[in-house]
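# Fold and geometry: a report
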Amino acid sequence: MFTRVSSWIHVYITFERCLCIAIPLKIKSMVTPAVSVTSMALIYLLLMLTILPMYLSAHIEWTTNPATNTSRYTRVYNADGHYLESIGLSLSFAVIISSYFLEVICTLIIIRQLREKRKWRNETSGVVVPGSENRISTRDRKVIKMVMVVSSLFIVCSFPGCVHYIVGIVGSEHYNPVVSPNLFFLVSSAVETCEQITYATNIFIFYQMSSRYKLVFSQFFTKAISHGVFVQGSSAVIE
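Since this is a predicted model, take the numbers as computed values, not measurements.

Turning our attention to the overall build of the protein. Looking only at helices and strands, one finds seven helices and four strands in the protein. Its helices and strands in sequence order give the protein the pattern α-α-α-β-β-α-α-α-α-β-β, from N to C terminus. For the protein, buried positions account for 30% of its 239 residues. Long-range pairs, those at least 24 residues apart, make up 58% of the contacts in the protein with a sequence separation of at least 6. For the protein, the exposed area adds up to about 15,800 Å²; of that, 67% sits on carbon and sulfur atoms.

For the rest of this paragraph, the subject is the confidence of the model for the protein. For the protein, the average pLDDT comes to 76, and 79% of its residues sit at 70 or higher. Taking the mean pLDDT of every element in the protein, the minimum, 40, falls on strand β4 (residues 235–238) and the maximum, 88, on helix α3 (residues 33–56). Low confidence marks residues 229–239, where pLDDT is under 50. Its contacts with residues over four positions away, or in another chain, come to 20 contacts.

Attention now goes to the environment of Glu61. With respect to the helices and strands, the residue Glu61 is situated in strand β1 (residues 58–65). Classification of Glu61 as partly exposed rests on a relative accessible area of 34%. In the structure, Glu61 is positioned 14 residues away from Arg75 in sequence and 6.5 Å away in space, judged by C-alpha atoms. Here Glu61 is in contact with Arg72, Tyr73, Thr74 and Val76, once residues within four sequence places are set aside.

Attention now goes to unusual backbone geometry. The phi dihedral of Asn69 falls on the positive side, at around 55°, and the residue is not glycine. Structurally, Asn69 can be placed in the loop between β1 and β2 (70–77). By relative accessible area, Asn69 is classed as exposed at 70%. Of note, Asp80 is a non-glycine position whose phi angle comes to about 60°, a positive value. Overall, the relative accessible area of 59% leaves Asp80 in the exposed class.

Before going further, it helps to examine the nonpolar core. Ranked by size, the top nonpolar core spans eight residues in total: Val5, Tyr12, Leu19, Ile27, Val31, Ile43, Leu47 and Val95. With three residues, helix α1 (residues 2–22) is the single largest residue contributor to this core. In this structure, Ile96, Ile97, Phe154 and Cys162 belong to the second largest nonpolar core, which totals six residues.

Turning next to α1. Here α1 spans 30 Å end to end across 21 residues, near enough to the 30 Å set by a 1.5 Å rise per residue. Among all positions of α1, only Thr3, Arg4, Val5, Ser7, His10, Val11, Tyr12, Thr14, Arg17, Cys18, Leu19 and Ile21 are buried.

To continue, consider the packing of aromatic side chains. Summed over the entire model, instances satisfying the criterion amount to three aromatic pairs. An angle of 75° between the planes, with centres 4.7 Å apart, marks the rings of Trp62 and Tyr73 as edge-to-face. Here the residue Trp62 occupies a position in strand β1, and Tyr73 occupies one in strand β2, the gap between them amounting to 11 residues. Each ring, one from Tyr100 and one from Phe159, has its centre 6.5 Å from the other, and the planes form 45°; the classification is tilted. Note that Tyr100 is positioned in helix α4 (residues 81–124) and Phe159 in helix α5 (residues 138–170), a separation of 59 residues in sequence. Owing to a relative accessible area of 46%, Phe159 belongs among the partly exposed residues under this scheme.

Take the layout of surface pockets next. Computed from the structure, the largest pocket encloses a volume of approximately 1,300 Å³. Arg17, Met146, Phe206, Ser210 and Arg212 are the residues nearest the centre of the largest pocket, which is lined by 31 residues in total. Contributions of two or more residues to the lining of the largest pocket are made by α1, α4, α5, α6 (181–209) and α7 (211–221). Residue contributions to the lining of the largest pocket peak at eight residues, all from α7.

Basis of the calculations
Counting of residues starts from 1 at the beginning of each chain's written sequence and follows it residue by residue. With the structure being a predicted model, the display of local features is reserved for residues of pLDDT at least 70 and the display and counting of side-chain atom pairs for 80 or more, all residues being used for whole-chain, interface and lining totals. With hydrogens and water stripped out, all remaining heavy atoms of the structure feed into the side-chain values. Each helix is a run of DSSP H or I of at least 4 residues and each strand a run of E of at least 2, with the numbering of both proceeding from the N terminus. To sort residues, take the accessible area from a 1.4 Å probe on protein chains only and compare it with the maximum for the residue type: under 20% means buried, over 50% means exposed, and anything in between is partly exposed. By the convention used here, residues are in contact when the closest approach between their heavy atoms is within 4.5 Å. For the accessible areas, the method is Shrake-Rupley and the probe is 1.4 Å, while residue cover comes only from the protein chains on display. Looking at any residue, its pLDDT shows the predictor's confidence there, from 0 to 100. Among buried residues, those of type Ala, Val, Leu, Ile, Met, Phe, Trp, Tyr and Cys that are joined through side-chain atoms within 4.5 Å constitute a nonpolar core. Helix span is expected to be 1.5 Å times the residue number reduced by one. Planes of paired rings set the category: under 30 degrees apart is stacked, over 60 is edge-to-face and the rest tilted, where pairs are Phe, Tyr or Trp rings (Trp by its six-membered ring) whose centres lie within 6.5 Å. Think of a 1 Å grid over the protein atoms and nothing else: a 1.4 Å probe that fits but is trapped marks a cavity, an open set flanked by protein within 12 Å on at least five of seven lines marks a pocket, and residues with an atom within 4 Å of a point count as lining. Grid points are joined across faces, edges and corners, and a volume is the space filled by probe spheres set on the points.

Structure representation (structure tokens):
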């Protein structure tokens, strides 16, 4: 659940960056703090609804096995439980795959927009510098680098999960938790690890590559850090 929420928050952030580059003069009026809070709430709500069929498909019962003389809690399907479970799996598949492709599309749009704007600035500046058509400004280079690192990490680490869900939906006889539980849970653990790497490392990437993120981070968690950011009230000095 929270992995899916994180992936869609990641898509929202990338989409917001895309709007910042495509329509910089209108972004402040379009993406306000209220819009961002509402978007986060909708992401949580809608993704909670997508997993609701999975919870409605079955319930937990205390069952007894006379052959082994043991009792344990067992997951028992409700009426139409298999149908509800298939709906839940399909929704999960759609959520994961759509977030993956939207991230790829937004990343490509950002790169394209940055290159087009750089070309337009070179054409309208009136000053032609030899080789300038192949140069990118320092600011644009930093933005491209940060977007590429974060988005590439997300795309690479999310790819195994997409393949995992596709194979599961296709319905391979040898790839399910009943026939091959060890293989299934081994792959699932690897997929979860890859996804957690994405969200665990983002904070360090933004901290190292974004001066604004570093400043806000220091305001929230420290008063002075050894890297040269000192915060006193509302003022800050960056060495």
